[in-house]
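# Results of the structural survey
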Amino acid sequence: MQSQRVWLLGFWASPFVQRVKWALKLKGVEYEYIEEDLFDKSSLLLKLNPVQKLVPVLVHNRKPISESILILEYIDEVWKQNPLLPHDPYERAQARFWAKFAEEKVRESTWDALCSRGEEREKAVKSSIEALEKFEEELKLKGTKFFGGETIGFVDLVAGFISYQLPVFEEVGSMKILDSSKFPATFDWIYNFLNHPVIKDDLPAKDLMFDYYAKRSKEISDEKDSCRNACEDIEEDTYNKSSLLLKLNRVHGRVPVLVHNGKPNSESIIILEYIDEVWKQTHLLPQDPYERAQARFWAKFTEEKMEENQGVKLLGFWVSPYVLRVKWALKLKGIEYEYIEEDVFNKSPLLLKLNPVKGQVPVLVHDGKPIPESIVILEYIDEVWKHSPLLPQDPYERANSRFWAKFAAEKLQAYAWEALCSRGEDHERAKKAAMEALEKMEKELNGKKFFGGDKIGFVDLVAGFISYQLPVYEEIVSMKILDSSKFPAITNWINNFLNHPLIKEELPPKHKMLAYFSNRRNVILVQNSSNE
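Values in this document were obtained by computation on a predicted structure and should not be read as measured data.

## Comments concerning the nonpolar core
Core analysis: the largest hydrophobic core is formed by 82 residues, its most contacted members being M441, I466, I490, W493 and F517. Top element by residues in this core is helix α17 (residues 395-420). It accounts for 11 residues. Those residues within four positions of I490 in sequence are excluded, and the remaining contacts are L438, M441, E442, L445, F451, I466 and L482.

Encoded structure:
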């Protein structure tokens, strides 16, 4: 396997590509690099990544893997030498947590700061500094040379942009984010990182980066200003909503609302898509509609503060699909655990202690250590208890499973919930998006009993809500998303899934779900339109 040809499609200025290059070099893996023009994409890139049409794409054994973080996990699983992720499952979960934080909080806020002006830039700079403060705290707690200990690891590669790209952003935007007096641990890390021989030998030229990002940030900022100049910006008091806001967004009664040619559009992600479709210059969003909506609000934090307890505990809420997928995983593994039911509307001190940042379920506690976030928990369970694996053994198939689990959670589940809790055009739009997401999953499932093959696996657990919860949504609002004639493979999968003995014995009662979700829908709709 290791002698097989490896290709990497990239773009010279991309931090996503850079982290993959570093990982391959740290592993000592030879590869062929193919430079892409992102403004005139090659037929090869469009063939290898037809969904996102983005770099990086790693090709190994003629199989393409996209998305840099998924590629890093794949590399670490195929080439075992010089591991990027820790061996200990809890430490692996922590590394994934901080890598996601670096990606979704630090990098995105610094990019926003670069590509904005005035108050918008000031807010983005403030967000960047706040995110870096969390990073600084974690580095101080570790007291090590790198996030990965004494050697560069997974988090270091993902956060590597801080070391070489962020100073360019600061120079281009005449702004100050990195302050050595405020972030001494981060500056020590930057020094160690940039002086590692693998890193310093593979960095884009600073003058080229400066020219490129000066041009790109000006283009994006000018487009934002052009949009502002073409429209009136009306500030809203969200605690005392105006009659105009309630008229333009009757369903949610929330900002933002974009009014163009006298027609209102609400929901920020929908607005972004609309802007990108109306104003064609310089795409703001990926071209494939299924990849446009990014779950950027999911911030992952954790702290190692709890009393020493042995065994396995699960804090949950009876109707939560996130909790249920963890319950199923523990049962499939034959793991005994103590279940603690939480009232998510009156959270216990224990929950707030174990998940102090988000205060949400599920939280798995193992050997006194709390792990939040259902998908992170599933990976942890699969790494601690090796029997009855949830993820495939083949690294490519593991990457593919992670992709479809993320798709089910961030696309289908989100759209189905939006369809339940909206009316009118918003409802129709969300229902259409949910059906389009199901079409993708139908194609992926076709010919298989489960997404995991002949046995329930990782994707099946994450997508399990389709089988029992989506029909409840349909009944409550008299809508049809699951059509057996249109989705025969999904229909067969639902039957197989619900008839699995461990699944069917651990399902919330339908009548209780109907009552709960009907009430939640009504509460949300009333809250959004109470001042009409």
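## Brief notes about the pairing of strand β7 (residues 312-316)
A large share of β7 lies buried, amounting to 4 of its 5 residues. Bridging between β7 and strand β9 (residues 363-366) involves 4 bridges; their strand directions are antiparallel. Counted as the bridge partner of V312 is H366 from β9. Crossover handedness for the path β7 to helix α14 (residues 321-333) to strand β8 (residues 338-341): right-handed.

## Examining α14
Over its 13 residues, α14 extends 18 Å from the first C-alpha to the last, a length consistent with the 18 Å expected when each residue adds 1.5 Å. Burial analysis of α14 places 11 of its 13 residues in the buried class, which makes it a mostly covered element. Of the residues making up α14, those classed as buried are P321, V323, L324, R325, V326, K327, W328, A329, L330, L332 and K333. The residue sitting at the N-terminus of α14 and contributing the capping side-chain oxygen is S320; that oxygen lies 3.2 Å from the backbone nitrogen of Y322. Immediately downstream of α14, the backbone of G334 shows phi near 70°, a positive value.

Parameters at a glance
- Residues numbered from 1 in each chain as written.
- Predicted model: local features only at pLDDT ≥ 70, side-chain atom pairs only at ≥ 80, totals over all residues.
- Heavy atoms only, no water.
- Core = buried A, V, L, I, M, F, W, Y, C linked by side-chain atoms within 4.5 Å.
- Buried < 20%, exposed > 50% of the residue type's maximum accessible area, 1.4 Å probe, protein only.
- Helix = DSSP H or I, 4+ residues; strand = E, 2+ residues; numbered from the N terminus.
- Contact = heavy atoms within 4.5 Å.
- Pairing = 2+ DSSP bridges.
- Right-handed = clockwise from strand over helix to strand, strands pointing away.
- Expected span 1.5 Å × (residues − 1).
- Polar contact = N/O pair within 3.5 Å; in protein donor to acceptor, adjacent residues only side chain to side chain.

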